[in-house]
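# Secondary and tertiary structure notes
Residues per chain are reported as follows:
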Amino acid sequence: MKIILLGAPGAGKGTQAEVISGHLGIPTISTGNCLREAVRTGSPLGIKAKEDMDRGRLVPDEVVIGVVKDRIAMDDCKKGYILDGFPRTVAQAQALDAMGVEIDRVIDLEVADETIKRRLSGRRVCEGCGASYHLDYKAPKREGICDLCGKALVIRKDDEPATVQDRLNVYHQQTEPVKAYYSAKGVLRQVEGQEKVEDTSALVLKALEA
Ligand code: ADP
Ligand code: ZN
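This report concerns the structure included in the present document. (Residues numbered from 1 in each chain as written. Chains lettered and ligands numbered in written order. Predicted model: local features only at pLDDT ≥ 70, side-chain atom pairs only at ≥ 80, totals over all residues. Heavy atoms only, no water.)

### So, the side chain of serine 30
Filter applied, for reference: Under the scheme used here, helices are H or I runs from DSSP no shorter than 4 residues and strands are E runs no shorter than 2 residues, and both carry numbers assigned from the N terminus. Categorising residues by exposure relies on relative accessible area from a 1.4 Å probe, with only protein chains included: less than 20% of the type maximum marks a residue as buried, more than 50% marks it as exposed, and the intermediate range marks it as partly exposed. Under this definition, polar contacts are N or O atom pairs within 3.5 Å; protein pairs additionally need one hydrogen-donor-capable and one acceptor-capable atom, and for neighbouring residues in sequence, both atoms have to be side-chain atoms.
Inspection of the secondary structure puts serine 30 in strand 2 (residues 28–30). Residue classification places serine 30 among the buried residues on the basis of a relative accessible area of 10%. One polar contact links the side chain of serine 30 to the main-chain amide nitrogen of asparagine 33, over a distance of 3.0 Å.

Next up, the structure:
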């Protein structure tokens, strides 16, 4: 099964991707994680992407399209995959079509802007391995320390309040049109993000079948 997770930054795409991935045994491809990894290692891709990411803008289409194209060609993607954070523009969705990729389901996680702002202020990431935490929803065992690698947890630069508003604007202007694109193909399912992660997961898994 090939699945796309759509939704505003901080809507919980990454968390739901983990759940679906465990349920269906298919990998998650997160363009945000791929790009952050590239920034961490200082690769040419990372050097190209860093400034846009820090400012909460989208990285150019051709850059992310290249990342996804290489990743879905790998062996573990044969049975399907979950795209988390891609496509974020109609041009990116068209690029998937041009690659011959047939998407089975697009899950749109609906969360109000005010909720997003509150949630992103609690998000922390590990500067060592990139693992993601949340002060309210997924706290680390020891405050400020990564459960997985022991390094420090920090606020992502693009989670600072001023940048969050810019990311929401980008989402409304550039990513929301992607919903209509998939709605026209009959594969879009909308799920209201719930307060509890597991309640949202139940709705997401149901939407994958319907
Ligand atoms: P979010 O929490 O906003 O969903 P991500 O981790 O998915 O964050 O993405 C972080 C940043 O990486 C984005 O703000 C953007 O700069 C860049 N990025 C990730 N995916 C894409 C994409 N599909 N197109 C363009 N830029 C992207
Ligand atoms: Zn870590």
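### Describing the packing of aromatic side chains
For clarity, the cut-off: Ring pairs shown here join Phe, Tyr and Trp side chains whose ring centres sit within 6.5 Å, with only the six-membered ring taken for Trp; geometry is labelled stacked below 30 degrees between planes, edge-to-face above 60, and tilted in between. Ring-over charges, as used throughout, are those where CZ of Arg or NZ of Lys falls within 6 Å of the ring centre and within 35 degrees of the ring normal.
Applying the stated criterion across every chain yields a total of 1 aromatic pair. Look at tyrosine 181 and tyrosine 182: their rings are 5.2 Å apart centre to centre, the planes differ by 85°, and that puts the pair in the edge-to-face class. Across from the ring centre of tyrosine 137, 5.8 Å away, lies the NZ or CZ of arginine 119, which sits over that ring. Against the face of tyrosine 133 rests lysine 138, its NZ or CZ located 5.6 Å from the ring centre.

### Observations concerning the coordination of the zinc ion (ligand 2)
Rules: Metal coordination here is assigned from N, O and S atoms located within 2.8 Å of the ion, or within 3.2 Å for Na, K and Ca; omission of water means that sites may look incomplete. Irregular is the default label, applied whenever a site is not tetrahedral (four donors, all angles between 85 and 135 degrees) and neither square planar nor octahedral (four or six donors, opposite donors over 155 degrees apart, all other angles between 65 and 115).
Each protein donor to the zinc ion (ligand 2) is listed here as Cys126 (SG), Cys129 (SG), Cys146 (SG) and Cys149 (SG); together their distances run 2.3 to 2.4 Å. Each of the 4 donor atoms around the zinc ion (ligand 2) contributes to a set of angles spanning 93 to 117°, which defines the coordination as tetrahedral. When the donors of the zinc ion (ligand 2) are listed by position in the chain, the intervening gaps give C-x2-C-x16-C-x2-C. A residue is classified by how much of its surface remains accessible, and cysteine 146, at 2% relative accessible area, is buried. Of the residues examined, cysteine 149 reaches a relative accessible area of 34% and is grouped as partly exposed.

### Quick look at the sheet that holds strand 5 (residues 123–126)
Quick note on the threshold: When DSSP finds two or more bridges between two strands, those strands count as paired.
Read from one edge to the other, the open sheet built from 3 strands follows the order 6-5-7, with strand pairing classed as antiparallel. On the outer flanks of this sheet lie strand 6 (132–134) and strand 7 (153–154), each paired with one strand and no other. As paired elements, strand 5 and strand 6 share 3 bridges and run antiparallel to each other. Within strand 6, the residue paired with arginine 123 across the bridge is histidine 134.

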